[in-house]
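If you want the building blocks of each chain, they are given just below.
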Amino acid sequence: MIRIEDIAAHPDFRPLAGLRHGIAVDLRYATPDNFVGHAVYDGIDCAWLRREAADALERAAAWLHRRRPGYRLLVLDALRPQRVQQRLWDALQGTSLTMYLAPPERGSIHSFGMAVDLTLLDPQGREVDMGSGFDEMTLASHPDHEAEHLALGALTAPHLIERGWLRAAMREAGFHGISTEWWHFDFGDRVAVRRDLPRVL
């Protein structure tokens, strides 16, 4: 286990501020702009990833820059300490939204610094329209429902193209998406991460 307060001195982690290729950062859990409606970081510096995930994120950003000049990655969440995961879990107890969170006893991949939530910025610096917002916990956010939502008109072809660009960049760098959130990507195998790496408290 590692305390978040000790991350800055830990050689296995990199700060998001030091990443190359124009990666922007707007950590939504440091603000009220998230699905619990209030800031949950309470001044904790969570703008970090494990070194291997940070290096891969730079590769994703470089790939995007080469193929779509002017577009950038915008990180919405990165290292989420166990104490914050517990706060989110407690805030959503008794609701169906707990399906979107890893139970605290198992641990979120975010709490190991090996997951990142992100979207795209267009050349004017605006967030790209993905058809649903970050932390919009509805079926419109589920990648595994996109074909149906396209057929029904809930999502459009441009929405899916933008999601496709994001996925392509992240997969090219070795990240893996999940079935319920278009913005979430893991780096590495979840079982191995939980087994082999220290969780951040």
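Predicted, not measured: the structure shown is a model, and the values here were computed from it.

A short note on the packing of helix H1 (residues 51–67) against helix H4 (residues 157–172)
How two helices sit against one another is set out by the angle between their axes and by the gap between those axes.
1) Next: Contact geometry for H1 and H4: axes closest at 7 Å, N-to-C directions at 130 degrees. For the element pair H1 / H4, the angle class is oblique. Considering the relative orientation of H1 and H4, their crossing is right-handed. Contacts between H1 and H4 pair Leu57, Ala60, Trp63, Leu64 and Arg67 from the former with Trp165, Ala168, Ala169, Met170 and Glu172 from the latter.
2) Next: Tallied by class, residues from the contact of H1 with H4 come to 8 nonpolar, no polar and 2 charged.

Details of the side chain of Ser141
1) Next: Note on placement: Ser141 falls in the loop between strand E5 (115–121) and helix H3 (146–152).
2) Next: With a relative accessible area of 0%, Ser141 lands in the buried category.
3) Next: Here Glu136 takes part through its backbone oxygen, which lies 2.4 Å from a polar atom of the side chain of Ser141.

Some points on the packing of aromatic side chains
1) Next: Applying the stated criterion across every chain yields a total of 7 aromatic pairs.
2) Next: Each ring, one from Tyr29 and one from Tyr41, has its centre 6.2 Å from the other, and the planes form 65 degrees; the classification is edge-to-face. Of this pair, Tyr29 sits in the loop between strand E2 (24–25) and strand E3 (48–50) while Tyr41 sits in the loop between E2 and E3, placing them 12 residues apart in sequence.
3) Next: Under the relative-accessibility criterion, Tyr29 is labelled buried at 1%.
4) Next: Among the residues examined, Tyr41 registers a relative accessible area of 1% and is labelled buried.
5) Next: Between Phe175 and Phe187 the ring centres are 5.1 Å apart and the planes differ by 55 degrees, which places this aromatic pair in the tilted class. Taken together, the residues Phe175 in strand E6 (residues 175–177) and Phe187 in strand E7 (residues 184–187) connect sequence positions 12 residues apart.
6) Next: Under the relative-accessibility criterion, Phe175 is labelled buried at 1%.

Looking at the side chain of Asp117
1) Next: Here Asp117 is to be found in strand E5.
2) Next: Here the side chain of Asp117 touches His184 through a polar contact of 3.1 Å, side chain to side chain.
3) Next: Once residues lying within four places of it in the same chain are set aside, the contact partners of Asp117 are Leu74, Val75, Leu76, Asp77, Arg80, His110, Phe134, Trp183 and His184.

A few points about the pattern of salt bridges
1) Next: In the structure shown here, the tally under the stated rule is 19 salt bridges.
2) Next: Of the charged contacts, one joins Asp55 and Arg14 as a salt bridge, the two residues approaching to 2.7 Å between their closest N and O atoms. Here Arg14 lies in strand E1 (residues 13–15) and Asp55 lies in helix H1, a separation of 41 residues in the sequence.
3) Next: A residue is classified by how much of its surface remains accessible, and Asp55, at 28% relative accessible area, is partly exposed.
4) Next: Between Glu146 and Arg167 there is a salt bridge; the shortest N-O distance is 2.5 Å. In this pair, Glu146 is assigned in helix H3 and Arg167 in helix H4, connecting sequence segments 21 residues apart. There is no split in this pair, since Glu146 and Arg167 are both buried.
5) Next: One salt-bridge network, in which partners are shared between bridges, spans Arg14, Arg20, Asp55 and Glu58.

Remarks on the pairing of E7
1) Next: Of the two faces of E7, the one lined by His184 and Asp186 and the one lined by Phe185 and Phe187 are each fully buried.
2) Next: Inspection of the sheet shows E5 paired to E7 by 3 bridges, in the antiparallel sense. Bridged to Val116 within E7 is Phe185.
3) Next: From the end of E6 to the start of E7, which pair antiparallel, there are 6 residues.

Criteria and thresholds
- Residues numbered from 1 in each chain as written.
- Predicted model: local features only at pLDDT ≥ 70, side-chain atom pairs only at ≥ 80, totals over all residues.
- Heavy atoms only, no water.
- Axes fitted to C-alpha atoms, helices over the stretch in contact; angles between N-to-C directions.
- Helix = DSSP H or I, 4+ residues; strand = E, 2+ residues; numbered from the N terminus.
- Parallel < 35°, antiparallel > 145°, perpendicular 65-115°, else oblique.
- Left-handed = near helix turned anticlockwise from the far one by under 90°.
- Contact = heavy atoms within 4.5 Å.
- Nonpolar A, V, L, I, M, F, W, Y, C, P; charged D, E, K, R; others polar.
- Buried < 20%, exposed > 50% of the residue type's maximum accessible area, 1.4 Å probe, protein only.
- Polar contact = N/O pair within 3.5 Å; in protein donor to acceptor, adjacent residues only side chain to side chain.
- Phe/Tyr/Trp six-rings, centres within 6.5 Å; stacked < 30°, edge-to-face > 60°.
- Salt bridge = Lys/Arg side-chain N within 4 Å of Asp/Glu carboxyl O.
- Pairing = 2+ DSSP bridges.

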